[in-house]
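Report on the structure
Residues per chain, in single letters:
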Amino acid sequence: MKYWLMKSEPDECSIDDVLAAPARKTAWSGVRNYQARNFMRDEMKVGDGVLFYHSSCDEPGIAGIAEVASAAYPDATQFDPRSDYYDPKSPRDAPRWFNVEVRALKKTRLVPLAELRRHKALAKMRLLKPGNRLSITPVSAAEWRYITGRLV
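Residues numbered from 1 in each chain as written. Predicted model: local features only at pLDDT ≥ 70, side-chain atom pairs only at ≥ 80, totals over all residues. Heavy atoms only, no water.

Now for the sheet that holds strand β1 (residues 3–8). As summarised here, the arrangement of the 6 strands in space is β2-β7-β4-β3-β1-β8, forming an open sheet in which the pairing is mixed. Unpaired on one side and paired on the other, β2 (25–27) and β8 (136–139) mark the two borders of the sheet. Going across the sheet, the axis of each strand differs from the next one's by a mean of 35°, ignoring polarity. Here strand β3 (residues 49–54) runs beside strand β4 (residues 61–68); their pairing, made up of 6 bridges, is antiparallel. From the neighbouring strand, Y53 faces β4, where its bridge partner is I62. Relative to β8, helix α2 (residues 34–43) is tilted by about 55°, and along the sheet it contacts β1 and β8. Docked against the sheet, helix α4 (residues 141–151) engages β1, β3, β4, β7 (101–112) and β8, running at close to 65° with respect to β3. (Pairing = 2+ DSSP bridges. Helix = DSSP H or I, 4+ residues; strand = E, 2+ residues; numbered from the N terminus. Axes fitted to C-alpha atoms, helices over the stretch in contact; angles between N-to-C directions. Contact = heavy atoms within 4.5 Å.)

Here's what the structure looks like:
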């Protein structure tokens, strides 16, 4: 089992939105970074743990716990000319972009980025590295246990 931190802008898709969705699931679509795509396509497995992180908002932070709910499959938004995530260079027979489905398990108290930075046990967390802008990052088992056991 692996663990992930997945960022979403709450005005686009919040933990509350996913909890209210059918089967509490959503497709994690619109990712247009190759490294984040590779994590979904090549490494994520059904049942992997997810820290659901609200980003690009007044107070970014962990807002819930979720799990990977599907294997990776082609992201339909890349083929839709009306989508903000349309990619005219991505052919249907060799799609460039993939997504997984994520199932929300529970909303937590918001654990702000500033609070995460204060914990020495999380000092090596990829989210906290200078310059990190990835929307999906791996989380170590020790980081997962610390966050889910002490902070949320």
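Turning our attention to the packing of aromatic side chains. For the structure on display, the rule yields 4 aromatic pairs. With a centroid separation of 5.3 Å and an interplanar angle of 50°, the aromatic rings of W4 and F39 are classed as tilted. Here the residue W4 occupies a position in strand β1, and F39 occupies one in helix α2, the gap between them amounting to 35 residues. On the basis of relative accessibility, which here comes to 6%, the residue F39 falls in the buried class. Their ring planes at 85° and their centres at 5.3 Å tell us that W28 and F52 sit as a pair that is edge-to-face. A residue pair is termed long-range when its members are at least 10 positions apart, and W28 in the loop between β2 and α2 and F52 in strand β3 qualify at 24 residues. Here W28 matches F52 in class, with each residue buried. (Phe/Tyr/Trp six-rings, centres within 6.5 Å; stacked < 30°, edge-to-face > 60°. Buried < 20%, exposed > 50% of the residue type's maximum accessible area, 1.4 Å probe, protein only.)

Function-wise, these values are silent; they only describe arrangement.
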